Amino acid sequence: MYDRSAKLAAKGVVIEYWLQRSRSLFTAVKGVDLEVRPGELLAIVGPSGCGKTTFLNAVDGLIPIAGGSLTLDGREIRSPGRDRAMVFQQPGLLPWRTVLGNVIFGVEAQGTMSKSEAVARARQQIELVGLKGFEDAYPLELSGGMQQRVNLARALLTDPEMLLLDEPFAALDAQTREMMQLELLKIWSQTRKTALFITHDIKEAIYLADRVIVFTRRPGRVKNVVDIKLSRPRDLRVKRDPQFLTYEDEIWESIQEELAVPAERLIAGVPAA
Amino acid sequence: MSIQSWEPAAPTTTLDRPPAQERRSVVKPSPFKQYEPVVIGTLSVVLALAAWQLVANARIYSILFVPGPWDVAQAFVKLFQTGDIWLDIGTSGAEIGIGYGMAVVAGLALGLLMGWYTRFQYALDPFVNFFYSTPRIVLIPLFILWFGIEMQPKIAVIFLGALFPIIINTMAGVRNTEAALLRVARSFGASDALIFRRVVLPGSVPFILTGFRLGVGHALTGVVVGELIAAKHGVGQLIAIAGQTFQTPKMLAGVILIAGTGMLLTTMIQRVENRFQSWRPQIR
């Protein structure tokens, strides 16, 4: 199953952490096997609390793994690195910095680019994510969708080998979310960066990804992998394609089995209308 | 359905919205609105002074007990006519300048260290708590014993007065750094030094300036009380002597001098605060 050419390879990954208050060891994911191919956009979906975000944090190098192996281009992941960049669920923008200042923060932290070069490239990046004219605006003056564009631009400016996205559109309203999905695909198709996208939104996963991986409930591991054979470029109408709906059914069923309370019982509990 | 046209992205739906946090009102604000705080503030002060003058003019009590604002104003002018006042202002000013300046430097350094290094905080917390909950003024007799009645005991008490609010607020500022920001910085591989300079320090500025502002109040209390107890010169000494020799208008003139200094310093710090907060939308 493991492809030598895999960009990211996870083998039997186990992540544990100590819960301070109850003084107990908590296993978030146990035995995750997956690979992300070069240039692929892979989405992970799963019931909430299944450890998918924890897994992504481990890929970013923010938390250590307790077992198994996690490699990017064959190199063990031990800490955050220049080959990865994360787009966070909460934008995490410095409120005292303008859009421009926030976009360059990633490369500034990495120390890889001179300030003037960073600023020049950031301006292009800001245009790419559709924020031209807002370079000097402060984060608190921006809508949630615009803040996430800054978050995305900051990650893209570091020109990573792999882009990690942690439910970046989860906090947005439905319409903005759809627009952001469309734009993410547009930007992604220009760069074809290998990307790992975490979401709880099944439609979003199918719409964006080449493959969708379903996690089991906690402790999370890979339950099944769905190849999304919808041709690109995809516009938002794909979401009404019969094939799309088939995928949605398949994934939803798979997740349903993992929910603590089976859906049949949920339905049975509703009084007949 | 086939997958065809590539819809050009039209982000305008999200971008055309007005900035999320700008102040709004349903009716167009009148031009007077802008000056409202100054006009109303001035009016209320004028009214209060007039009421005070009326009570004083009634002369129910002698000028010794209730001098009017006019008496105080005259005493104030007289203070500056003799020229002795400059020695007092110079002495008190130097005491505040040195004591408060040292408190700013030491408080900032200790507060940042305590906020950043948890173990350093554990080590110093007992002392900070002890001194912060003790009115440092009670140490004046000890300082007089140590340093005599020149400027040093006052400098010491001003320093200790201003030090702890600055330490505590600076530490709180560092501690209150948003976890999400730290995570972003770590994710991009930022060094500790960069995190400190670019994330923690700028985020702490509002807290630090609050500490400075509280410190001013403590410093002024320190200088006045210190000079009341023992001093050769100083505005506090002037107030003490005027009070003991029944020159009430002169005493109040000294009080106004102190209060004015406090307001001036506080306003200056507030100006700096506003400069650092230009990114924050107004909440009112």
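For clarity, every value in this text was computed on a predicted model and none was experimentally measured.

Visitor: Explain the overall build of chain B here, please?
Guide: The secondary structure content of chain B amounts to eleven helices and zero strands. Shown N-terminal to C-terminal, the secondary structure of chain B runs as helices and strands in the order α-α-α-α-α-α-α-α-α-α-α. Evaluated residue by residue, chain B yields a buried proportion of 31% over its 284 residues. Considering only contacts within chain B whose residues lie at least 6 apart along the sequence, 75% involve residues at least 24 apart.

Visitor: When you look at the packing of helix 5 (residues 118-132) of chain B against helix 7 (residues 152-175) of chain B in this model, what are you seeing that I'm missing?
Guide: Two packed helices can be described by the angle between their axes and the distance between those axes. Residues and elements named next belong to chain B. It is the contact of helix 5 with helix 7, at a shortest axis distance of 10 Å, that shows an interaxial angle of 135°. Here helix 5 is positioned oblique relative to helix 7, judged by the angle of their axes. Relative to helix 7, helix 5 is oriented so that their crossing is left-handed. Facing helix 5, whose interface residues are Q121, V128, F131 and Y132, helix 7 presents L160, F164, I167, I168 and M171. Looking at the contact of helix 5 with helix 7 residue by residue, the class counts come to eight nonpolar, one polar and no charged.

Visitor: Explain the domain arrangement of chain B to me, please; I cannot follow it from the model alone.
Guide: The extent of an interface is frequently quoted as the accessible surface area lost upon association of the parts. All names here are of chain B. Each assigned domain of chain B is listed here: domain 1 (28-60) and domain 2 (61-276). Computed from C-alpha coordinates alone, the two centres of domain 1 and domain 2 are separated by 30 Å. Of the residues that constitute the side of domain 1 that touches domain 2, the class distribution is five nonpolar, two polar and no charged.

Visitor: Got a minute to help me understand the sheet that holds strand 1 (residues 8-19) of chain A in this structure?
Guide: Within a beta sheet, neighbouring strands are joined by backbone hydrogen bonds and run either parallel or antiparallel to one another. All names here are of chain A. What the four strands build is an open sheet, ordered 2-1-4-5; its pairing is antiparallel. Edge positions in the sheet fall to strand 2 (24-36) and strand 5 (75-76), since each of these pairs with one other strand and no more. Pairing analysis gives five bridges linking strand 1 to strand 4 (residues 67-72), with the strands arranged antiparallel. Of the residues in strand 4, the one forming a bridge with V14 is G67.

Visitor: Looking at this structure, how should I read the sheet that holds strand 8 (residues 194-198) of chain A?
Guide: Residues and elements named next belong to chain A. If you trace the six strands from one edge of the open sheet to the other, you get 6-7-8-3-9-10, paired in mixed fashion. Each edge of the sheet is formed by a strand with only one pairing partner; in this case those strands are strand 6 (84-87) and strand 10 (222-227). Across the sheet, the mean angle from the axis of one strand to that of its neighbour is 20°, orientation sign disregarded. Both strand 6 and strand 7 (residues 162-166) contribute to a ladder of four bridges, which runs parallel.

Visitor: I'm lost on unusual backbone geometry in this one. Help?
Guide: The phi torsion of most residues other than glycine is negative, and most of the peptide bonds are trans. All names here are of chain A. The linkage connecting R218 with the following residue, P219, adopts the cis geometry, with an omega of -10°. With respect to the helices and strands, the residue P219 is situated in the loop between strand 9 (211-215) and strand 10. Between R232 and P233 the backbone carries a cis peptide bond, its omega angle lying at -5°. Considering the arrangement of structural elements, one finds P233 in the loop between strand 10 and helix 8 (242-256). Despite not being glycine, D159 has its phi angle at roughly 45°, a positive value. If you trace the backbone, D159 turns up in the loop between helix 5 (144-157) and strand 7. Classification of D159 by C-beta neighbours within 10 Å gives partly exposed; the count is 17.

Visitor: I keep staring at the environment of A:A120 and nothing clicks. Help me out?
Guide: All names here are of chain A. The topology assignment puts A120 in helix 4 (residues 115-128). A120 sits in the partly exposed class, given 13 other C-beta atoms within 10 Å. Along the primary structure A120 and L100 are separated by 20 residues, whereas in three dimensions their C-alpha atoms are 9.9 Å apart.

Visitor: Hey, could you run me through the nonpolar core in this one?
Guide: Taken as a class, soluble globular proteins show a tendency for nonpolar side chains to be buried jointly. By size, the foremost hydrophobic cluster in this structure holds 134 residues, and its most contacted members are A:L164, A:L196, A:F197, A:A209 and A:V212. At 14 residues, helix 7 of chain B tops the list of elements feeding residues into this core. When neighbours within four sequence positions are excluded, A:L164 is seen to be in contact with A:L56, A:V59, A:D60, A:R84, A:A85, A:M86, A:V87 and A:L196.

Visitor: For this particular structure, what's the right way to read the packing of helix 4 of chain A against helix 5 of chain A?
Guide: Residues and elements named next belong to chain A. Here helix 4 crosses helix 5 at 135°, and the two axes come no closer than 9 Å. Relative to helix 5, the element helix 4 lies oblique. Classified by chirality, the crossing of helix 5 by helix 4 is right-handed. Facing helix 4, whose interface residues are R121, A122, Q125 and I126, helix 5 presents A153, L156 and L157.

Visitor: For this particular structure, what's the right way to read the pairing of strand 8 of chain A?
Guide: Remark: a regular strand shows side chains that alternate across the two faces of the sheet. Residues and elements named next belong to chain A. Counted residue by residue, strand 8 has five buried out of five residues, so it is predominantly covered. With burial as the criterion, each face of strand 8 is covered, one bearing T194, L196 and I198 and the other bearing A195 and F197. Of the strand pairs in this sheet, strand 3 (residues 41-45) and strand 8 are connected by four bridges, and their pairing is parallel. Note on strand 8: the bridge partner recorded for L42 is L196. Bridging between strand 7 and strand 8 involves five bridges; their strand directions are parallel. Counted as the bridge partner of D166 is I198 from strand 8.

Reading guide: rules and limits
- Residues numbered from 1 in each chain as written.
- Chains lettered and ligands numbered in written order.
- Predicted model: local features only at pLDDT ≥ 70, side-chain atom pairs only at ≥ 80, totals over all residues.
- Helix = DSSP H or I, 4+ residues; strand = E, 2+ residues; numbered from the N terminus.
- Buried ≥ 20, exposed ≤ 12 C-beta atoms within 10 Å, placed from the backbone.
- Contact = placed C-beta atoms within 7 Å.
- Axes fitted to C-alpha atoms, helices over the stretch in contact; angles between N-to-C directions.
- Parallel < 35°, antiparallel > 145°, perpendicular 65-115°, else oblique.
- Left-handed = near helix turned anticlockwise from the far one by under 90°.
- Nonpolar A, V, L, I, M, F, W, Y, C, P; charged D, E, K, R; others polar.
- Domains from an automatic or database assignment.
- Pairing = 2+ DSSP bridges.
- Core = buried A, V, L, I, M, F, W, Y, C linked by C-beta atoms within 7 Å.

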